[in-house]
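# Structural description and commentary
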Amino acid sequence: GYKHQYWDIIQPDIIIEPEQDPGFSAAMNLGISRSKHPILVCMHNDVLVHEGWNPALQKQVELRPGRLIYPDQRPRTRPEIESMLNDHDRHNREGYDDAGMFMTTRETYLKSGGYDADFTRSAMEWALHVRARGKGIGVFCTVDTFITHISYTSFVESEAETESAQSLKLREKYQ
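The residue count restarts for each chain, going from 1 along the sequence in the order it is written. With the structure being a predicted model, the display of local features is reserved for residues of pLDDT at least 70 and the display and counting of side-chain atom pairs for 80 or more, all residues being used for whole-chain, interface and lining totals. Side-chain calculation: all heavy atoms of the structure are included, whereas hydrogens and water are not.

### Looking at the pairing of strand E5 (residues 138-149)
E5 sits mainly inside the fold: nine of its twelve residues count as buried. DSSP bridges decide pairing: two strands pair if at least two such bridges lie between them. Put simply, DSSP marks the helices as runs of H or I at least four residues long and the strands as runs of E at least two long, and each gets a number from the N terminus on. Bridge analysis of strand E2 (residues 47-49) against E5 gives three bridges, and the strand direction is antiparallel. The residue bridging Val49 from the neighbouring strand is Ile147, located in E5. In this sheet, E5 lies alongside strand E3 (residues 67-72) in parallel orientation, the contact comprising six bridges. Its bridge partner lying in E5, Ile69 is registered against Phe140. To sort residues, take the accessible area from a 1.4 Å probe on protein chains only and compare it with the maximum for the residue type: under 20% means buried, over 50% means exposed, and anything in between is partly exposed.

### As for helix H1 (residues 24-34)
Of all the residues in H1, the buried ones are Phe24, Ser25, Met28 and Ile32. The buried side chains of H1 occupy one side of the element, clustering within an arc of 95° when seen end-on. For this quantity, the arc is that covered by the directions from the helix axis to the C-beta atoms.

### Points about helix H5 (residues 124-134)
The set of residues buried in H5 consists of Met124, Glu125, Ala127, Leu128, His129 and Ala132. Note on definitions: a residue-residue contact is assigned when non-hydrogen atoms from the two residues lie within 4.5 Å. Turning to H5, the residues buried within the fold contact H1, E3, strand E4 (101-105), helix H4 (106-112) and E5. Positive backbone phi, approximately 80°, marks Gly136, located one or two places after H5.

Here it is as structure tokens:
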């Protein structure tokens, strides 16, 4: 199975290894159903977090209960970031949410209906946002912390997109 870059630092409470990859949304719902914690963090396996992410998101969960709280992930210049971090009112500044990670309470997540299992590899967050907003749950993206989000989150692929097919194509094209 896939092991996140922080595997040696943060050991999960439980490890769930389905026989087949059910796709991102179904896998996240399965993990949440087995978790017992009142605060949830849903993170794609291709997200890199930045120092201070956890307390920053927890603060937003406290300031904005009943919402899905996302960290900012818009590419920004150093002066933009410094300006935000020096802004005393930054807790009220909204960032750019292209998804990849969020924090919320278990109660809020369950009220939203969770991820839609029909979305296995893309558009998962947009479907979640539509479901959440339909239940009166807001989405807030904070500039208090940032993430870097690389690519896809599930290994559900067509035969032409499998890692081995892509590796073969790369070798044939550039040999």
